[in-house]
Amino acid sequence: MARDSQAALIALNRFGFGARGGASGGLINAATDPRGFVKAELARPNGVLLEAPGLQSTPQLGQAVFAYQDQVKQAREAAKAAAPAETPAAETPAQAPADQKPGLRRNLSLNAAAEITGQMAEAKPPDAPAKPQTMQPNAATPPAAKPAPQPLNVIQKTFRAEALARLQRATLVDCGFTERLVVFWSNHFCISASKGELARIWAGAFEREAIRPHVLGRFAEMLRAVEQHPAMLFFLDNQQSLGPDSRAGQNRKRGLNENLAREIMELHTLGVGGGYTQGDVTSLARIITGWTFAGRQGQLGAPGSFVFNVNAHQPGPQVLLGKTYEATGLAQGEAALADLARHPSTANFIATKFVRHFVADDPPPVLVARLRDVFVKTDGDLRALATALVDSDEAWKAPLTKMRSPYDFLVASGRLLARLPEDPGVYLNSLNLLGQPLWSPAGPNGFPDTSAAWAAPEGMKLRLDIAAQIGARLGNNVDPLDLLEFAAADAASTETRRTIERAESRQQALALLLMSPEMQRR
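Residues numbered from 1 in each chain as written. Predicted model: local features only at pLDDT ≥ 70, side-chain atom pairs only at ≥ 80, totals over all residues. Heavy atoms only, no water.

1. Re the overall build of the chain
Note the cut-off: Counting from the N terminus, the helices are DSSP H or I runs at least four residues long and the strands are E runs at least two residues long. Burial classes: relative accessible area under 20% of the type maximum marks a residue as buried, over 50% as exposed, and values in between as partly exposed (1.4 Å probe, protein chains only). The contact rule is simple, with two residues in contact once any of their heavy atoms fall within 4.5 Å. Accessible surface area values rest on a Shrake-Rupley calculation with a 1.4 Å probe, where residue burial reflects the displayed protein chains alone.
Of the regular secondary structure elements, the chain holds 26 helices and four strands. Within the chain, the fraction of its 522 residues that count as buried is 52%. Sequence-distant contacts in the chain: of pairs separated by 6 or more residues, those separated by 24 or more amount to 75%. Surface exposure of the chain reaches about 23700 Å², of which carbon and sulfur atoms provide 52%.

Here is the structure:
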């Protein structure tokens, strides 16, 4: 069978995370049967699941963070009791851990970016011994030594372990189509780890438990798993929402919180202009009152687990989108979600986002209509949706013009260089710098999915700096022209090949390769 390098490049870049270097032969395998290469992962549903030593369930992590918070509180109280008369010194802001999104990190200079992100190119720990400080003239005492770094707490350790498991999976898979589907759906149903300690420790578990099991299943099942997951309930404050006429609402003089209901309709299902009103948002908010998670005392269930609190649920029937939902408790909300999942507006909204993510910023209307019909006819079968995308000619004929997101770029670079991630911190820092902190979008609408969002001059300068640092560290150990063969073979443009050949050094050539259209575009 003839090999088609251009189709192989599309298979790996558009649908996956790019070719792997070394002896994996990804581009050669893809070139023989590009569509079959992509669809092969769809036949392995268990391959989407992510299990690794030490990764715990949401309730286990909930109990761990509650115990940690209790320890911190006790230590603070003990310290206060031990020194009641001391005047507290001015607090020094703590160094943000590698897995935390620093508030001003995106505005670091390129030199600072290089210092952090250059570590991507090596598997060694990033910590280097500090240079000895020179004594200053007439100095009475040497400068104070820097305090030793604090050990990671259970929240930071968990976040890093979850991140490492995700990064390693993305690096090792043959094509990466199912991992790209995970990224798409995780961003569609996003939470933000910056919401608080519970969101941070639950971010990875949310993806493992609510997203991955349903990526090749049905949309309605994913929707229910997402909206009932403690991480989503915490992120959008539904544990604070009380039916005004419920027992809890009357006792506490509190009422509805519409955050989750609004985002379910606007961002998760119908989309803006999907035919709902503010009255529908309020009705859905009433319907899902009582959807919460058990707290540290475990009065309603195992701490950190989803529970339905009947005392917080708004009693009585509710009208949503013209349909009456009888007062059936938890089943009332589940029935409403099932209908939203099957609504025509949901099919159109999902199909449009799906095509925009994988094919073009301006989705071809014919392809959107075809995927919308597949979504409707298969009752939201997401494997069928993905298969229809790969089978469409439009997905293979559209030019590779979409800019890779920072996450895609970093994973693709690691794959080409055959570097299995060992320290998640170097990736997490790079994602912070490039404006896509892992599992931490600025709002419930997730990270943007258009080229313009990632092709801004500041972002491209930082990518160039990362590429230059990788080139400086690894350039002597690789042949960039050989890597170009792994990445694109004869599908590489003449301009890219000449640019690499004319580079002044291997280090510069590797940096230019990582910044080439073959590595930046999908």
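2. What about helix α15 (residues 344-358)?
Residues lying three or four places apart along an α-helix face the same way, a consequence of the helix completing one turn every 3.6 residues. Selection criterion: In a helix, the anticipated span is given by 1.5 Å times the number of residues less one.
With 15 residues, α15 extends 22 Å between its outermost C-alpha atoms, agreeing within 8% with the 21 Å of an ideal straight helix rising 1.5 Å per residue. Taken residue by residue, α15 has S345, T346, A347, I350, A351, T352, F354, V355, H357 and F358 as its buried positions.

3. Re the packing of helix α6 (residues 154-172) against helix α20 (residues 424-433)
Using the following cut-off: Every angle, taken between N-to-C directions, lies between 0 and 180 degrees, and every axis is a line fitted to C-alpha atoms, over only the stretch in contact when it is a helix. Geometric relationships in this document are graded by angle, where less than 35 degrees denotes roughly parallel, more than 145 denotes roughly antiparallel, 65 to 115 denotes roughly perpendicular, and other angles denote oblique. Amino acids are sorted into nonpolar (Ala, Val, Leu, Ile, Met, Phe, Trp, Tyr, Cys and Pro), charged (Asp, Glu, Lys and Arg) and polar (every other residue, Gly among them).
For the pair α6 and α20, the least separation of the axes is 9 Å and the interaxial angle reads 90 degrees. By the angle between their axes, α6 is roughly perpendicular relative to α20. In this structure, α6 uses F159, R160, A163, L164 and L167 to contact α20, whose residues at the interface are P424, G425, Y427 and L428. Residue classes in the contact of α6 with α20 are distributed as seven nonpolar, one polar and one charged.

4. Focus: unusual backbone geometry
With glycine set apart, most residues show a phi of negative sign, and most peptide bonds adopt trans. Of note, the phi angle at L321 is positive, near 50 degrees, even though the residue is not glycine. By the secondary structure assignment, L321 is in the loop between β3 (318-320) and β4 (323-325). Located in the positive-phi region is A489, a residue other than glycine, with phi close to 55 degrees. Within the element layout of this structure, A489 appears in the loop between α23 (480-487) and α24 (494-501).

5. Regarding the nonpolar core
Under the convention used in this document: For the purposes of this section, nonpolar cores are sets of buried Ala, Val, Leu, Ile, Met, Phe, Trp, Tyr and Cys residues that join through side-chain atoms within 4.5 Å.
F15, F177, W185, L284 and F354 are the most contacted members of the largest nonpolar core, which totals 134 residues. At nine residues, the largest contribution of residues to this core is made by helix α8 (residues 197-211). Contact partners of F177, with chain neighbours within four places excluded, come to F15, G16, V38, E41, L42, F358, A386 and V390.

6. Focus on the packing of aromatic side chains
Going by this rule: Only centres within 6.5 Å qualify two rings of Phe, Tyr or Trp (six-membered ring in Trp) as a pair; their planes then separate them into stacked at under 30 degrees, edge-to-face at over 60, and tilted for everything else. Only when the NZ atom of a Lys or the CZ atom of an Arg is both within 6 Å of the ring centre and within 35 degrees of the ring normal do we say a charge sits over the ring.
A complete count under the given rule lists 19 aromatic pairs for this structure. Look at F177 and F358: their rings are 5.7 Å apart centre to centre, the planes differ by 75 degrees, and that puts the pair in the edge-to-face class. Placement of the pair is F177 in helix α7 (residues 177-188) and F358 in helix α15, with a sequence separation of 181 residues. Judged by relative accessible area, which is 0%, F358 ranks as buried. For the pair F184 and F358, a centre-to-centre distance of 6.5 Å together with 40 degrees between the ring planes defines the contact as tilted. Highlighted residues: F184 in helix α7 and F358 in helix α15, separated in sequence by 174 residues. Aromatic rings pair up to connect F15, F177, F184, W185, F189, F219, F354, F358, F375 and W396 into one cluster. Sitting over the face of the ring of Y407, R166 holds its NZ or CZ atom 4.7 Å from the ring centroid.

7. Observations concerning the pattern of salt bridges
As a reminder of what qualifies: Take a side-chain nitrogen of Lys or Arg and a carboxyl oxygen of Asp or Glu: if they are within 4 Å of each other, that pair is a salt bridge.
Under the counting rule described, the total for this entry stands at 20 salt bridges. As a salt-bridge pair, D393 and R35 come within 3.0 Å of each other at their nearest N and O atoms. On the criterion of sequence distance, the pair formed by D393 in the loop between α17 (382-391) and α18 (394-397) and R35 in helix α3 (residues 34-39) is long-range, its members being 358 residues apart. Of the charged contacts, one joins R522 and D408 as a salt bridge, the two residues approaching to 3.3 Å between their closest N and O atoms. Here the residue R522 occupies a position in the segment after α26 (517-520), and D408 occupies one in helix α19 (residues 406-416), the gap between them amounting to 114 residues. Residue R522 is classed as buried on the basis of its relative accessible area, which comes to 2%. When salt bridges with common partners are traced through the structure, they connect R166, R169, E179, E207 and R212 into a single cluster.

8. Topic: the packing of helix α9 (residues 219-227) against helix α14 (residues 330-341)
This is how it is decided: The hand of a helix crossing depends on one turn: near helix anticlockwise from the far one by less than a right angle means left-handed, and clockwise means right-handed.
Where α9 meets α14, the closest approach of the two axes is 9 Å, and the angle between their N-to-C directions is 135 degrees. It follows that α9 is oblique to α14 by the angle criterion. As for the relative orientation of α9 and α14, their crossing is right-handed in sense. Here α9 contributes F219, A220, L223, R224 and E227 to the contact with α14, which in turn contributes E334, L337 and A341. In terms of residue class, the contact of α9 with α14 is built from five nonpolar, no polar and three charged.

9. Looking at the confidence of the model for the chain
For the record, the criterion: The pLDDT value expresses, per residue, how confident the predictor is, ranging between 0 and 100.
When pLDDT is averaged along the chain, the result is 89; 88% of the residues meet or exceed 70. Within the model, pLDDT remains below 50 along residues 88-98, and this stretch shows seven contacts once partners closer than five positions in the same chain are excluded. Taken together, the stretch residues 101-140 has pLDDT below 50 and engages in 53 contacts with residues farther than four places along the chain or on a different chain.

10. Some points on the side chain of N309
Relative to the elements of secondary structure, N309 occurs in the loop between β2 (306-308) and β3. Among residues more than four places away in sequence, those in contact with N309 are G290, T292 and L300.

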